[in-house]
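Chain by chain, the residues:
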Amino acid sequence: MVAPLDDLLDSFAEALDRRSSLEWGLHERAATAFGVAKSDQASRGRDPLATGLSTLVRRFDLDRTDTTLLVVAAAAVADPSLRLLSGLLSGNEQGEPTVALGWELAGLPAMSAESALRMSDRGALRRFGLLGLVGDGPLHTRRMRVPDRVVAHLLGDDTPPAGLVPYLVKPAPIDSPESRVIAAALRGGQPLIWVQNPPAGAGTAIASGACREIGAVCRRAGAAPVVRRAGGGRRAPRAVDAE
């Protein structure tokens, strides 16, 4: 998907056309929001989501349909006009697209096991933490929400959380039979793998080698840094908040 927002605007145009023959009182407002979003996109001269999205698609092996669903939800966070349009088409004041709208824009049928699976915790988007659902009603009425960190990445910001920066250590990867076993598990969708690393052991390097093999980014959290008190004393921080 070279121009995700351009493709999304085409899908929004089709959604508006489908409602043009209905007595929908919000059609004029939705058409105005669509016009503003299209004008803003034309004035940018580039697609702000394209680069970050291509990285996520490659890293998480997303297919075109999951990619479209992610763009639908992310665009409502990144662009105010598309948020308004998504809210009008979804029938909610929060401006977040419903699952039903996501299905429609992605060309998925509402009454389909495949559509439901893509929105379940077994689907790639939710399994990898790229998308969350808000609400407790029927699945099609729940709202799609992309975490702020994912939206930031899509827009080109890969800066780690400030509280995590002092803990990050650049790992030195090695290739070994153990790293290939870990890589195979990661490819199979294993979300958590424990690698024991005794003092002076190679556990971190092996894990890093596995990440390198599958083309994933590896970040190692080191020991807690020492924080100096104002009076000269020292203490370790009690906790670090990281997403």
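Structural data are supplied above this passage.
Read on for a plain summary of the structure.

About the thresholds
Residues numbered from 1 in each chain as written. Predicted model: local features only at pLDDT ≥ 70, side-chain atom pairs only at ≥ 80, totals over all residues. Heavy atoms only, no water. Helix = DSSP H or I, 4+ residues; strand = E, 2+ residues; numbered from the N terminus. Expected span 1.5 Å × (residues − 1). Buried < 20%, exposed > 50% of the residue type's maximum accessible area, 1.4 Å probe, protein only. Contact = heavy atoms within 4.5 Å. Salt bridge = Lys/Arg side-chain N within 4 Å of Asp/Glu carboxyl O.

## Notes on helix H11 (residues 203-214)
Turning to step 1, where the next piece is worked out: Taking 1.5 Å of rise per residue, twelve residues should cover 16 Å, and H11 covers 17 Å from first to last C-alpha, within 8% of that figure.
Turning to step 2, where the next piece is worked out: Inspection of H11 places Gly203, Ala205, Ile206, Ser208, Gly209, Ala210 and Cys211 among the buried residues, and these make up the whole buried set.
Turning to step 3, where the next piece is worked out: Where H11 is buried, its residues meet helix H10 (177-187).
Turning to step 4, where the next piece is worked out: Phi turns positive one or two residues past the end of H11, at glycine 215, with a value near 75°.

## Overview of the pattern of salt bridges
Turning to step 1, where the next piece is worked out: Taken as a whole and judged by the stated rule, the model has eleven salt bridges.
Turning to step 2, where the next piece is worked out: Between glutamate 104 and arginine 18 there is a salt bridge, with the nearest N and O atoms lying 2.9 Å from each other. A residue pair is termed long-range when its members are at least 10 positions apart, and glutamate 104 in helix H6 (residues 99-106) and arginine 18 in helix H1 (residues 4-19) qualify at 86 residues.
Turning to step 3, where the next piece is worked out: Judged by its relative accessible area of 22%, glutamate 104 is partly exposed.

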